[in-house]
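Okay, here's what each chain looks like letter by letter:
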Amino acid sequence: MADTGNDALYQARIKIYPRSVKGRFRTFKWAILGLAYGVYFLLPWLRWERNTGPDQAVLFDIAARKFYLFDLVAHAQDLLWLVGVLLIAALLLFFVTGIAGRVFCGYFCFQTLWTDLYLLIERLVQGDRVARIRLDKSPWNANKLLRKAGTHVLWLAVAFWTGLTFTLYWDNAPDLVVKWFTGSAPFAAYATTLFLTATTYVMAGLAREQVCTYMCPYARFQSAMFDEDTRIVAYEEARGEGSQGRHRITRELKSREQRREQGVGDCIDCGFCVQVCPTGIDIRNGLQVQCISCALCIDACDTIMDSLGWERGLIHYTSEAQAEGKKSSLLKPKTIGYGLALLLAVSALAWSVSSQAPLDVAVVQVRQPLFVRLSDGRIQNSYELHLENKTEEPIALAIMIHGLAGAVLDAGRFSALTLAPQRSLRVLVRVRWRSNHNEKGSRSFFLDIIPQKRKDLGMISAPATFYLPGRER
Amino acid sequence: MSQTKTSKPSAVQTTGHAWDGDIQEFNNPLPSWWLWAFYATVVFAVVYWVFYPAWPVAGSYTKGVMNDITFVDSNGKSKTTHWNTRSALLRDLQESKTAVLSRDYLNKVAAASYAEILGDPEMMAFTRSMARGIFGDNCAPCHGSGGAGVIGLFPNLADDDWLWGGSVGDIQATVKNGHFGFMPAFGEVFDDAQLDDIASYVLSLSGHPVDAAASRRGKAIFQTNEGGCYYCHTHQATGLKSQGAANLTDQIWTIADVNGAADLAGKKERVKQVIANGVQRRMPSWSERLSAAQIKLLTVYVHELGGGQ
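Residues numbered from 1 in each chain as written. Chains lettered and ligands numbered in written order. Predicted model: local features only at pLDDT ≥ 70, side-chain atom pairs only at ≥ 80, totals over all residues.

With that settled, the discussion passes to the overall build of chain B. Secondary structure assignment for chain B yields 12 helices and 8 strands. Here the C-alpha atoms of chain B give a radius of gyration of 37 Å, more than 25% beyond the 19 Å that 2.2 N^0.38 yields for 309 residues. Structurally, chain B occupies a C-alpha span of about 125 × 50 × 40 Å along its principal axes. Counting all 309 residues of chain B, 28% fall into the buried class. Across chain B, contacts joining residues at least 24 apart in sequence account for 46% of those joining residues at least 6 apart. (Helix = DSSP H or I, 4+ residues; strand = E, 2+ residues; numbered from the N terminus. Rg over C-alpha atoms; globule rule 2.2 N^0.38 Å. Buried ≥ 20, exposed ≤ 12 C-beta atoms within 10 Å, placed from the backbone. Contact = placed C-beta atoms within 7 Å.)

As a further point, take the interface of chain A and chain B. On the chain B side, the residues contacting the 21 residues of chain A number 24 residues. The set of elements that each furnish at least two residues to the side of chain A that touches chain B consists of β7 (372-373) and β12 (424-433) of chain A. If you tally residues by element for the side of chain A that touches chain B, the top one is β12 of chain A, at 5 residues. Residues belonging to the side of chain A that touches chain B are distributed by class as follows: 9 nonpolar, 5 polar and 7 charged. (Nonpolar A, V, L, I, M, F, W, Y, C, P; charged D, E, K, R; others polar.)

This next bit is on the pairing of strand β2 (residues 23-26) of chain B. All names here are of chain B. The pairing of strand β1 (residues 14-19) with β2 spans 3 bridges and is classified as antiparallel. Within β2, the position partnered with Ala-18 by the bridge is Gln-24. Connecting the antiparallel pair β1 and β2 is a turn made up of 3 residues, with Asp-20 showing a positive phi of about 50°. (Pairing = 2+ DSSP bridges.)

Our next topic: the sheet that holds strand β3 (residues 72-75) of chain A. Residues and elements named next belong to chain A. Taken in spatial order, the 3 strands make up an open sheet running β1-β2-β3, and their pairing is antiparallel. Unpaired on one side and paired on the other, β1 (58-61) and β3 mark the two borders of the sheet. The average angle at which neighbouring strand axes cross in this sheet is 10°, direction not considered. Direction of pairing for strand β2 (residues 66-69) relative to β3: antiparallel, over a ladder of 4 bridges. Looking at the pairing, Tyr-68 lines up with Val-73 of β3. (Axes fitted to C-alpha atoms, helices over the stretch in contact; angles between N-to-C directions.)

Looking now at the nonpolar core. Ranked by internal contacts, the top residues of the largest apolar core, which has 43 residues, are Val-429 and Leu-447 of chain A together with Leu-298 and Tyr-301 of chain B. It is helix α12 (residues 292-306) of chain B that contributes the most residues to this core, 7 residues altogether. In contact with Val-429 of chain A, not counting residues within four places along its chain, are Tyr-383, Leu-385, Ile-399, Leu-409, Asp-410 and Ala-411 of chain A. Membership of the second largest hydrophobic core comes to 35 residues, among which are Ile-232, Val-276, Leu-314 and Tyr-338 of chain A. (Core = buried A, V, L, I, M, F, W, Y, C linked by C-beta atoms within 7 Å.)

Here we take up the domain arrangement of chain B. Residue and element names in this part refer to chain B. Domain parsing of chain B yields domain 1 (71-117) and domain 2 (129-306). On a C-alpha basis, the centres of domain 1 and domain 2 stand 39 Å from each other. On the domain 2 side, the residues contacting the 5 residues of domain 1 number 6 residues. With 3 residues, the top contributor of residues to the side of domain 1 that touches domain 2 is helix α3 (residues 97-111). Among the residues forming the side of domain 1 that touches domain 2, the class breakdown is 5 nonpolar, no polar and no charged. (Domains from an automatic or database assignment.)

Moving on: the pairing of β12 of chain A. Residue and element names in this part refer to chain A. Where strand β8 (residues 379-389) lies against β12, 10 bridges are found, and the strand directions are antiparallel. Its bridge partner being in β12, Tyr-383 is matched across the sheet by Val-429. As paired strands, strand β10 (residues 408-410) and β12 are joined by 3 bridges and run antiparallel to one another. Residue pairing for β12: Val-408 is matched across the bridge by Arg-432.

Set out below in C-alpha cells:
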C-alpha cells in the first residue's frame, strides 16, 4: 500500500503555542492549581504531634510498615484501605465523567496542572504566543539562547522540586532534604527523585498535549462513559454560523443587525479560541477526542463577546441533547448506579477506617516440631502470637485458653505482658494437654487475648489447633 | 574527487569509489541513533575509567578516584579501600540503620541476666528471632531446625526432659563445653534371657504392663552390682545429671524408640537393643566457635523450646 499523506498513521507533531487568556474558568483553574500545589508541596513539611512515631503529618514509612495520615496510622494489615481508595477514585471518575464529562482532565489532572505551570514559566521567560513563535523562527542569538535555556532551567527546577517533594513523603522531610544534598540519602531517594524529575520535565515540558492525545488511557475510556446528556464544551453552531457561516468583522458586517441581514453568524472568526487551546484543536469543529474540557476557549470567546457587547456563551458548557434542543436529564440509571456504588464504597471505607482493630492478634503454630511428647505423657504444642498495639497507649495483656478441657497454658515467665504504643510483639506460648480418650489428629481451641485495664478493648479469641500424634503410641 | 552515484534498483547511494573499473560499494551508514549511542558509551567508558577500578597496571590496577569506602573488617580494624560491592555489603551489615539497632539491642541482651531476659517479653522476642538464625547455622544439622532431634542419635530439645540438666546454667554449660554421653554395651555380659529381664524392668518403670517375674529378675540385675545400672541411672532410675543418664521413669525415650513400637514385644526388643549395644553420643564444645553473647542467646532459645526448667 502506498504510504501517502492521507493514509499515514503517523502524524508529525505540530507545535502548539497556547496563548494566555483571562476569564472565570482560567481564574478557577489557577485557584485549583494553587490549592493542589499548596497541598502537594507543603504537606510533607507539616509537623504533627504524636505520642509515638514521627512528627510528620503525612509520612509513608515503608521500613516500619506504617503509613501516617495525621491522626490515623495505617498498618500493613490495613492495605485493603488502599483498594478502597483506588476504587473510590475510579468510581468518582466514572460518576463525574458521566455527568460532567472530562472534568478531571481539564481541571484536576496533574498533567494539566503541571503543563499549566510550565506554560506560565514559558510565557514569563519568552513572552506570549506571538513572541514565542517569533523567537522560535528567529536565528540563534544570545537573547534566544538565554530565553530558551532559562525556560528549560526553570522547568528542570520545578521538575526537580516536584520529584524531591514526592520523595519527602516517604521519610522525615527535613532530615531527608539534608541527606539528599549531602549525598547520604538512600539510593531509592535519588532514583525516585531523578525519575520523577525526568518524567515531569518530559511530560509537562516537552510532550504536553501528546500525553493526553496519545498516551493517556483515561482519556480514551472516559469517552466510553459519555452519553448525550454529558456536559461538554461546545460551540453553538446555529448562533455562530448563521445561514452563511462565520465571517470576520468588516465595515459591512459590523453590527449584529448587519450580520443577521446577511445571514452571517456571531462568530467573528478571530481564532482566539483556537489560539488558547492547549491541545491545539478548533472547538468549532465539534466534539473532538483531543478536547480535555479545560474551558479556556469559553474564556477566550467570552472575552471577545464582552468586548463586542454581545451576550456570552457562543462557546459554552452544554450537552449533545441540549445542543439539539432536547431536554437534558442528569438522573439516569447509569448516574444513579455510579452514585450508589460510590456512596457504598465511601461508606465501606469510612466504616473500615473507623472500626480499625486497635489490637491485632495472629496465632502462628510452631510446625517444627508440630507436637512434642512430654515426660509425663502429655502432648505439647507451641504457638507464636503476633500481637500488635495500634493505639497510642500501652496495653497490658493476659493470655488464656478455652475449648480444650484440662489443657495447661505456659506463656513464659513474664511478670507482665505489656504492648508498647504502636509496637508489635511476638510471644511464644506452649499448650500442654493429655487427651483422655486416646484422641488422634487435631482439636480446635481458642487462645484468649484479654486486655487489662482497658475498657475500650474487648477480649480477642483467636482460633488455634492442637495437634496430637497421628496414632496412639 | 570521487563522484556520488546512485544505484538504480534500490536508490541507495554508493560511497563513490570504483575499483577494477566497476566495483562499487553501497553507502549504508549506521542509523544516527545507534551512532550517538555508541559515542555515548565511549564517553561513559572514559568517565568509568576515572571513577572505577579499570586498568591493569603491573600486578595491580588503577583504583579510580573519589570512591573510597571505609568499613570494619573481620579483625575489627577499620579499612579504607576503593568502592566495591563486597565492602559496601560489609559496611551495610555494620552501619545500616537496622544493623545498628540490632547491635545495640544485642548489647542490651548480652548485658542482662538470664532472669531479666526470661522475664521481659521484648528481650525474649528479640532473642528468639536472633537465636533462630544461630541455631539454624550451628545446631540444626543435628538437632533439626525446630530442635526436635533424631531419636537414637540426637536428643529432642523441644520436650521437657533434660539429660544434662534443663536450667539456664546447665544449658549454657552444655553449649559451651559440649558433652560425651556414654553407656557401656552389655551384650557380651548378659545372655538373652537376662537382657530380656532388664528390658522388662526398664519398661515397668514407666508403667508398661510387663511380666512381673521377669521385671523382678531384671530389677535384681539393675539395682545390684551385677549390672550396676544404678551407678548412672540411680536407684530411682531417674538418671544422674552429671552423667547425662536418661530418666527411665518418664514417657520420653531418646535412644530406643519405644513410643514408635506397635506392641509390647516390639518395645522390649528396642530397649534390649540399647542395653546390648550401649550408647555413645557426642556434642562438640561451642565456646571456641560462638561468642559469649551468641551462647547466651542460644541458651535462652533452647531453654524456651520446650518450656525450660
